[in-house]
Amino acid sequence: MLGLGPRAERRRRALPASLLRLPTIGVDIGGTKVVAGVVDGEGKVLEKLRTDTPDKSKSPKVVEDVIVELVLQLADRHDVHAVGIGAAGWVDAERSRVLFAPHLNWRNEPLQQVLSERLRFPVIVENDANAAAWAEWRFGAGRGEDHMVMLTLGTGIGGAVVRDGYVDRGKYGLAGEFGHMQVVPGGHRCPCGNRGCWEQYSSGNALVRDARELVAEESPVVQPLLARAGGTVEGITGPLVTEAAQAGDATATELLYEVGTWLGVGIANLAAALDPGRFVIGGGVSEAGDLLLAPARDTFRRTLTGRGFRPEATIVHAALGNEAGLVGAADLARQVARRFRTIKRRRVERAVP
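Let me begin by describing the structure that accompanies this report.

1. Topic: helix α9 (residues 250-274)
Under the 1.5 Å per step criterion, the end-to-end length of α9 is 35 Å for 25 residues, consistent within 8% with the ideal 36 Å. Among the residues trailing α9, Asp 275 stands out with phi positive, at a value near 55 degrees.

2. A short note on the side chain of Asp 40
Among the secondary structure elements, Asp 40 is positioned in the loop between β2 (33-39) and β3 (45-52). This buried residue, Asp 40, is left without a salt bridge; Lys 44 holds the nearest opposite charge, at 5.8 Å. Polar side-chain contacts of Asp 40 include one of 2.9 Å to the backbone nitrogen of Lys 44. Discounting residues that sit within four places of it in the chain, Asp 40 has contacts with Leu 46 and Arg 334.

3. Focus on unusual backbone geometry
Of note, the phi angle at Glu 218 is positive, near 55 degrees, even though the residue is not glycine. With respect to the helices and strands, Glu 218 occurs in the loop between α6 (204-216) and α7 (223-228). Here the phi dihedral of Asp 275 falls at roughly 55 degrees; this positive angle occurs in a residue that is not glycine. Here Asp 275 lies in the loop between α9 and β12 (278-282).

4. Here's the deal with the pattern of salt bridges
If you walk through the whole model with that rule in mind, you get 15 salt bridges. We note a salt bridge from Arg 163 to Asp 168, for which the minimum N-O separation is 3.1 Å. Note that Arg 301 is salt-bridged to Asp 298, the shortest N-O span being 3.6 Å. A residue pair is termed a helical-turn pair when its members lie 3 or 4 positions apart in one helix, as Arg 301 and Asp 298 do in helix α10 (residues 290-303) at three residues. Given a relative accessible area of 42%, Arg 301 falls into the partly exposed group. One salt-bridge network, held together by shared partners, links Lys 61, Asp 65 and Arg 118.

Parameters at a glance
Residues numbered from 1 in each chain as written. Predicted model: local features only at pLDDT ≥ 70, side-chain atom pairs only at ≥ 80, totals over all residues. Heavy atoms only, no water. Helix = DSSP H or I, 4+ residues; strand = E, 2+ residues; numbered from the N terminus. Expected span 1.5 Å × (residues − 1). Buried < 20%, exposed > 50% of the residue type's maximum accessible area, 1.4 Å probe, protein only. Lys, Arg positive; Asp, Glu negative; His and termini not counted. Salt bridge = Lys/Arg side-chain N within 4 Å of Asp/Glu carboxyl O. Polar contact = N/O pair within 3.5 Å; in protein donor to acceptor, adjacent residues only side chain to side chain. Contact = heavy atoms within 4.5 Å.

Structure (C-alpha cells):
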C-alpha cells in the first residue's frame, strides 16, 4: 500500500499516535440524505446512520435537529471525541459558517457554533467535496500523491485540491468550484446564472438531459433506452443510462463517451492551471468506470497544453465511494479532537477526590 508523500508524512508524524486512533463522527449532508458515521483512525466506518434531508424550505434548525439526533445516537454507543460536518455548499475559510447551500435553507449560517453548543463536542464544518478529497488522499485513490485534484461528478461537478498534506481552500474558502468554469461561451444555461459551465456538459444532469432530448426528438436510436426506463422519459436517470451502457446499449455508451470527452477537456484545463500529479474521479457518474474514464484520458492527452513535452498527471477512479464525504469529515475533525480529549481528562481529574 502506498504511503503519504514526504511532506505530508512529516506532518502526519507530528500528531500523537493516540490522537490518530481517536474515533470521531463524520456527517455528510446532501440534497436528499444526511448520513452520519463513527470513523476510526484508519478510515474504517464502525457504525453508520442515515435519514432523509428535510425539505430545503424548512428552517436551518430543522436540519440541525436531524444532525444532532444522529450524532447523539452514535455518541451513546461510541467514545467519540469530535464531529466533522461535510456540507454541500460554500463554507468560509474558518470552517465555521455555511455561506450558501443550494439544497438547504442555509445562508451565512453559523453552523459550527450552533452545533458545538448543542453537542458539547468540538465541531468543524467543511465543504463536502473537500471532505471527500481528504478521505481519498488519506485512505483511498490519492494515497502517496503530494498534489492531488479530486472531481466528483454527480448532479454537477464538485472539486477539491489537496497539496502537501493540506486542503487548499483558497483565500475565502471557496476554491474548487471547477464545475462553473466556462467551457462553451453562450452554451447551456447553468443554475448558477451563467451559461456554458463545465458541469452542463460533464455531469449526471448533462447525461440525463442529452438522453431525454433524444426522446423528445423521437430518435429511433433511443428506443431501447426508453424501453428500459419503462417507456417514460422521467424513468431515464443517470444510473439507468450507466446500467444500459454496461449492458452494451450503443446509445447509452455514446452518451457516456460524450460526457467523458468533456471531462477530459476540463481536466486538461485544470492541469494547465494547477499541474497536479493525480486526478481522482468520484461521484455517482464515475461508477461507469472506463466507459467514462477512457474517453476522458484520451481527450486529456490530446488537449493537454505542451503534450508530449511534459509529465502527465494520472486519472484514476475514486476508491471510497459514497462513504468518502463522511470519512473525510471525521478525519479532519480528528485534528481538533486533541483539545476536547485534554479538557475531558482535566474535568475527570478535578472530579477525583
